Amino acid sequence: MKYYTIDQISTLNHDHKKLARFAVIGNPVEHSLSPQLHQPALDDLGEDARYLRVEVKAGQVREAFQKLYSAGIHGINVTVPHKLEALEACDIVDPAAQIMGAVNTIVFDQNGNCTGLNTDGPGFARAIREEFSVDLGDLKVVVIGAGGGAGRAIATQCAIENCPQIILANRTLEKLHPMKEQLSNLVAREELKGPRDRIEIISLSDPSLEQAIESSELIVNTTSVGLKTIDPSPFPSHWVEPHHLVYDTIYNPERTRLLRESQDQGARAANGLSLLIHQGALSLEYWLNRDVPLELMREGVKNALRE
Ligand code: ATR
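Residues numbered from 1 in each chain as written. Predicted model: local features only at pLDDT ≥ 70, side-chain atom pairs only at ≥ 80, totals over all residues. Heavy atoms only, no water.

**Considering the site of the ligand**
If you check the shell around the ligand, you find G145, G147, G148, G149, N170, R171, T172, K175, L204, T223, S224 and V225 and nothing else. At 3.3 Å from an oxygen atom of the ligand is found a main-chain nitrogen or oxygen belonging to G145. Between an oxygen atom of the ligand and a main-chain N or O atom of S224, the distance comes to 3.4 Å. Burial of the ligand by the protein chains amounts to 62% of its free accessible area of 620 Å². When grouped by side-chain class, the residues that make up the shell around the ligand number two nonpolar, eight polar and two charged. (Near = heavy atom within 4 Å. Polar contact = N/O pair within 3.5 Å; in protein donor to acceptor, adjacent residues only side chain to side chain. Areas by Shrake-Rupley, 256 points an atom, 1.4 Å probe, with all protein chains shown as cover. Nonpolar A, V, L, I, M, F, W, Y, C, P; charged D, E, K, R; others polar.)

Spelled out as C-alpha cells, the structure:
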C-alpha cells in the first residue's frame, strides 16, 4: 500500500503484523520518504510499530488528527501543503513553531490532545553541526529564499540560536518585512549591535546581495531553484568564496548547480539530506522519548533515493 486515504483509516491494521503507530500526512503524499526514514529505526528499536502515509485533502487536517488518534496512531509528521493548517488544528503549539508559521510534528497526549512542533529549525542546527563541525549560533548567515516555508523555519532557528548576523533574502521582498519584526523580537538584546541591525532583509535582485553574501559565513539556499537539473544557481555562484559554507536544502538532485559551483570556488558545501534526517530523528525522539539510530535512518533514505 503506497498510501491510505482518510476514508481508509479504519483499515490501517488489516493484514499487517505490526501496528500502525506513526504516519505522515500530505497531499500528494505518495512520494514522501518518511516511511523509509522512520521504519528502519522503529524496527531496530524493537517497536511494534508501522509508519505509513496518509493522503489528506486541504480542510481535513483536524479531522485526520482525530481519526488517526482513534485508530491508534501515536505521532504524525506533516508535509506539504498542510504545515500551516496543522498549526491551526493543534490544541497546543510550540512557541518556535508559532513563529515559523508551520508545524511538521504532532505529539498526542493520553486524551488525544495534540501538540504541534517544528523540527525543521532544530534539525537544521544539527545538520550544520554535522556537516561543518560548527555551531549555527556562531555563524553569520544569509538565507536565500527566506520567504518560503523552509526558509522561514531556518531563519527563525538562526534567530533562536542568536546568530551574529542574519540576512534574509527573497525574490519577493514584501514577505520579509513582518518576518524581520518578529525575528528582531527573538534575538537577544544585550549585544553591542542592536537586534534590528543584526537582521537585514534584501531582495534577490538587489545589487548589494553580492556584498551581503560576501559578508556571510554560511549561505543557505531554501528556494526551490535547483530542484530541476536544468535550474540555474539561485544567485551568481562566482560570488561564493573559499571561506564560505554553503548549504542547499535540496537533496534530490544530490548536487545542485549551486553546490557544484560552490565546490569549484573552493567552498565547503552540503546538500539537504542531513536536514531531512535530523528533522525526522527529532520527531522520533519526541514520540519515543529516547535516542534513535541516525545512521539507519540515513541508510533508509539513501536506499530509497537510489531506487
Ligand atoms: P513554500 O511552499 O515553502 O512557500 P515555494 O513556493 O516553493 O515554497 O517557495 C520557496 C521559496 O523559493 C520562496 O522563497 C520563493 O520565493 P518567493 O517568496 O518570491 O515566491 C522561492 N522561489 C521559488 N522560485 C523561485 C525563483 N525562480 N527564483 C527565486 N526564488 C524562487
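Picking up where we left off.
**Here's the deal with the sheet that holds strand β9 (residues 165-170)**
Here six strands make up an open sheet; going across it, the order is β10-β9-β8-β11-β12-β13 and the pairing parallel. Unpaired on one side and paired on the other, β10 (199-203) and β13 (268-271) mark the two borders of the sheet. Strand-to-strand twist in this sheet, taken as the mean axis angle between neighbours without regard to direction, amounts to 15°. When strand β8 (residues 140-144) meets strand β11 (residues 218-221), the two strands line up parallel, connected through four bridges. What sits directly across from V142, in β11, is I219. (Pairing = 2+ DSSP bridges. Helix = DSSP H or I, 4+ residues; strand = E, 2+ residues; numbered from the N terminus. Axes fitted to C-alpha atoms, helices over the stretch in contact; angles between N-to-C directions.)

**Details of the domain arrangement of the protein chain**
The figure often quoted for interface size is the accessible area lost as the parts come together. Along its sequence, the protein chain is carved into domain 1 (4-118 + 277-306) and domain 2 (121-271). Domain 1 and domain 2 are separated by 28 Å when their C-alpha centres are compared. Taken together, the contacts link twelve residues of domain 1 with 16 residues of domain 2. Buried surface at the junction of domain 1 and domain 2, summed over both partners, amounts to about 1200 Å²; 61% is from carbon and sulfur atoms. Here domain 1 and domain 2 share two salt bridges between them. A salt bridge links E130 to R298, with the shortest nitrogen-to-oxygen separation between them at 3.0 Å. At the surface where domain 1 touches domain 2, the tally comes to five residue pairs in polar contact (both at pLDDT 80 or more). (Domains from an automatic or database assignment. Contact = heavy atoms within 4.5 Å. Buried area = accessible area lost by both parts, 1.4 Å probe. Salt bridge = Lys/Arg side-chain N within 4 Å of Asp/Glu carboxyl O.)

**Considerations on the sheet that holds strand β5 (residues 92-93)**
The strand order across the open sheet formed by seven strands is β1-β3-β2-β4-β6-β7-β5, and the pairing between neighbours is mixed. Each edge of the open sheet carries a strand with a single partner, namely β1 (4-5) and β5. Taken together, the three bridges between strand β4 (residues 75-78) and strand β6 (residues 105-108) define a ladder with antiparallel strand orientation. What sits directly across from G75, in β6, is V107. Against the sheet, helix α1 (residues 34-44) touches β2 (20-26), β3 (50-55) and β4, its axis set at about 160° to β3. Seen against the sheet, helix α11 (residues 273-288) touches β2, β3, β4, β6 and β7 (114-117) and runs at an angle of roughly 5° to β6.

**Quick word on the packing of α1 against α11**
The interhelical angle for the contact between α1 and α11, taken along N-to-C directions, is 45°, at an axis separation of 10 Å. On the basis of the axis angle, α1 is oblique to α11. Along this stretch, α1 crosses α11, giving a crossing that reads as right-handed. Each of L37, H38, A41 and L42 in α1 lies in contact with α11, whose residues at this interface are L276, I277, Q279, G280, S283, L284, W287 and L288. (Parallel < 35°, antiparallel > 145°, perpendicular 65-115°, else oblique. Left-handed = near helix turned anticlockwise from the far one by under 90°.)

**Topic: the pairing of β2**
For β2, the tally of buried residues reaches six of seven residues, placing the bulk of the element in the interior. After leaving β2, the chain enters α1 and then returns to the sheet as β3, a path that is right-handed. (Buried < 20%, exposed > 50% of the residue type's maximum accessible area, 1.4 Å probe, protein only. Right-handed = clockwise from strand over helix to strand, strands pointing away.)

**Topic: the nonpolar core**
Of all hydrophobic cores here, the largest spans 29 residues; its most connected members are F124, L136, V141, L168, L218 and Y247. When contributions to this core are tallied by element, the ones reaching two or more residues are α5 (120-132), β8, α6 (149-160), β9, α7 (176-186), β11 and β12 (245-248). Look past the residues within four positions of L168 in its chain and what remains in contact with it is V143, A146, A155, L176, M179, L183, I199, E200, I201 and I202. In terms of nonpolar packing, the next biggest core, distinct from the first, is built from 27 residues, L52, V54, L68 and A86 among them. (Core = buried A, V, L, I, M, F, W, Y, C linked by side-chain atoms within 4.5 Å.)

**Some words on the pairing of β11**
Neither face of β11 is exposed, since L218 and V220 on one face and I219 and N221 on the opposite face are all buried. Examined bridge by bridge, β11 and β12 share four bridges and lie parallel to one another. Paired with L218 across the strands is L245, a residue of β12.

**Some thoughts on the state of the cysteines**
This structure, assessed with the given rule, holds zero disulfides. C90 takes part in no disulfide bond, and the closest cysteine sulfur, belonging to C114, lies 4.4 Å away. What makes C90 buried here is its relative accessible area of 11%. With no disulfide partner, C158 has as its closest neighbouring cysteine sulfur the one in C163, 4.1 Å distant. (Disulfide = S-S within 2.5 Å.)

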